[in-house]
Amino acid sequence: VLALSFDGDALRLARDQPEPTAGPGEAVVAVLRAGICSTDVEITRGYLGFRGTPGHEWVGRVIAAPDAPALVGTRVVGEINYACGRCTMCTAGMDRHCPTRRVCGIVGADGAFAERLCIPAAQLHRVPDDVPDRAAVFVEPLAAAFAVLEQVPDVAGRRAIILGDGKLGILVAQVLRAAGADVLLSGRHARKLDVARSLGVTVGTPLAGADLVVDASGSPDGLATAVALARPRGIVVMKTTVAAEHRLDLAPAVVNEVSLVGSRCGRFAPAIAALAAGRVAVEPLIDAEYPLADGLAAFERARTRGVLKVLLAVSR
Ligand SMILES: [Zn+2]
Ligand SMILES: [Zn+2]
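Let me begin by describing the structure that accompanies this report. (Residues numbered from 1 in each chain as written. Chains lettered and ligands numbered in written order. Predicted model: local features only at pLDDT ≥ 70, side-chain atom pairs only at ≥ 80, totals over all residues. Heavy atoms only, no water.)

### Some words on the sheet that holds strand S12 (residues 182-186)
Within a sheet, neighbouring strands are paired by backbone hydrogen bonds and run either parallel or antiparallel to one another. What counts, and what does not: DSSP bridges decide pairing: two strands pair if at least two such bridges lie between them. Only runs of H or I of at least four residues qualify as helices and only runs of E of at least two qualify as strands under DSSP, and these elements are numbered from the N terminus. Geometry is summarised by axes, namely lines fitted to C-alpha atoms with helices restricted to the contacting stretch, and by angles between N-to-C directions that run from 0 to 180 degrees.
Strand order in the open sheet formed by 5 strands is S12-S11-S13-S14-S15, with parallel pairing between adjacent strands. Only two strands of the sheet have a single partner each, and these edge strands are S12 and strand S15 (259-262). Within this sheet the neighbouring strands show an average axis-to-axis angle of 20 degrees, counted without direction. The pairing of strand S14 (residues 230-238) with S15 spans 4 bridges and is parallel.

### Notes on the nonpolar core
Definition in use: Remark: nonpolar core denotes a set of buried residues (Ala, Val, Leu, Ile, Met, Phe, Trp, Tyr, Cys) joined through side-chain atoms within 4.5 Å. Buried, partly exposed and exposed residues are distinguished by accessible area as a fraction of the type maximum, computed with a 1.4 Å probe on protein chains only: under 20%, between the cut-offs, and over 50%, respectively. Working rule for contacts: check all heavy atoms of both residues, and any pair within 4.5 Å makes them a contact.
Within the largest apolar cluster, 50 residues are counted, with the highest numbers of intra-cluster contacts made by Leu142, Leu176 and Leu185. Sorting the residues of this core by element identifies helix H3 (133-136), helix H4 (139-151), strand S11 (159-163), helix H5 (167-178), S12, helix H6 (190-198), strand S13 (210-215) and helix H9 (268-277) as the ones contributing at least two each. Ranked by residue count, the leading element in this core is H4, at 7 residues. With residues up to four places along the chain from it excluded, the contact list for leucine 185 reads Ile162, Gly164, Asp165, Gly169, Ile170, Ala173, Leu193, Ala196, Val201, Thr202, Val203 and Gly204. If you look at the next biggest cluster of nonpolar residues, it comprises 40 residues, including Leu2, Trp58, Ile119 and Leu292.

### As for the coordination of the zinc ion (ligand 2)
Definition in use: Coordination here is defined by N, O and S atoms within 2.8 Å of the metal (3.2 Å for Na, K and Ca), and since water is not considered, a site can look incomplete.
Only Cys84 (SG), Cys87 (SG), Cys90 (SG) and Cys98 (SG) from the protein reach the zinc ion (ligand 2) as donors, at distances of 2.3 to 2.4 Å. Between the donor residues of the zinc ion (ligand 2), the gaps in sequence give the motif C-x2-C-x2-C-x7-C. Classification of cysteine 84 as partly exposed rests on a relative accessible area of 24%. What makes cysteine 90 buried here is its relative accessible area of 11%.

### Digging into the coordination of the zinc ion (ligand 1)
Distances from the zinc ion (ligand 1) to its protein donors, Cys37 (SG) and His56 (NE2), fall within 2.1 to 2.2 Å. Of this pair, cysteine 37 sits in the loop between strand S3 (26-36) and helix H1 (38-43) while histidine 56 sits in the loop between H1 and strand S4 (57-64), and the two are 19 residues apart along the sequence. Here cysteine 37 matches histidine 56 in class, with each residue buried.

### Details of the pairing of strand S5 (residues 75-78)
By the alternation rule, side chains of S5 split into Arg75 and Val77 and Val76 and Gly78, which are all buried. Pairing of S4 with S5, which is carried by 2 bridges, proceeds in the antiparallel orientation. By the bridge assignment, arginine 61 is partnered in S5 with arginine 75. Pairing between S5 and strand S10 (residues 124-126): 3 bridges, direction antiparallel. Considered in S10, the bridge of valine 77 is made with histidine 125.

If you want it as structure tokens, here you go:
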């Protein structure tokens with residue numbers, strides 16, 4: 001089968017990958033569409049030392065599931081953290097923090113930039129019929145946006161600032177707004193800010209004193225800016241993972257007693273529900289769609305400044 005593969009040196013198109021077979025508890029999925037994420041671009045620069053097929057944002061159709069035959073033929077998305085299910089983190093419901101987890105297309109497991117994906121069947125969620133493939137492919141990044149509500153549950157009526165006009169920033173802005181927060185998004189790219197505005201998100205220059213600041217800037221300076229914008233005893237949610245180490249003066253966070261909350265993946269269920277109910281719009285975030293065979297060109301496009309989501313159309 002056809003797949004994109006990273007060998008530690010370059011991303012290549014591999015035409016002769018073996019057809020995967022489902023082991024115990026696993027399912028094989030025919031990938032329909034997949035989304036290229038900033039993490040995938042980082043992987044092709046050596047992030048986490050990953051080797052193999054990247055891709056963790058996808059929608060597909062189950063073609064084999066020996067232990068869960070009812071899934072065959074259904075359209076699904078898949079949670080990306082494959083946890084052990086037995087350790088203290090897993091039994092406490094924190095499977096996304098399982099220390100021995102594999103992560104789809106990121107750590108120890110091949111991902112979705114391929115015609116076939118092999119995945120533990122327990123990771124799968126059915127996609128409602130009224131959610132098209134081009135929206136379902138956003139379930140994973142939208143779940144990451146919903147993680148903010150899991151960690152800061154009470155946002156209604158609060159003043160929230162989102163730093164960053166990228167895909168995640170725009171998704172977080174929509175999620176917080178739908179939860180009743182008073183949201184302002186701040187960014188530097190005219191085209192991306194236009195997209196945010198077209199979705200009804202207020203954009204502008206933020207003033208200090210916010211109850212909640214989400215740093216989705218992707219920039220090493222974002223965190224210091226976020227701390228400066230938070231009110232005393234406010235909350236800063238850190239959504240930026242920057243590969244480069246950076247120095248940060250934490251005194252303002254101490255003096256203002258600001259809570260710093262790290263935030264990564266979220267649960268899929270609220271993201272699927274929000275797409276089905278139309279509470280979050282994702283179509284305007286799509287920049288372009290390429291066939292998998294043109295995957296290298298798709299990555300080139302995804303690396304271009306000012307570009308939002310690039311999709312791969314894998315099969316139908
Ligand atoms: Zn991602
Ligand atoms: Zn575990």
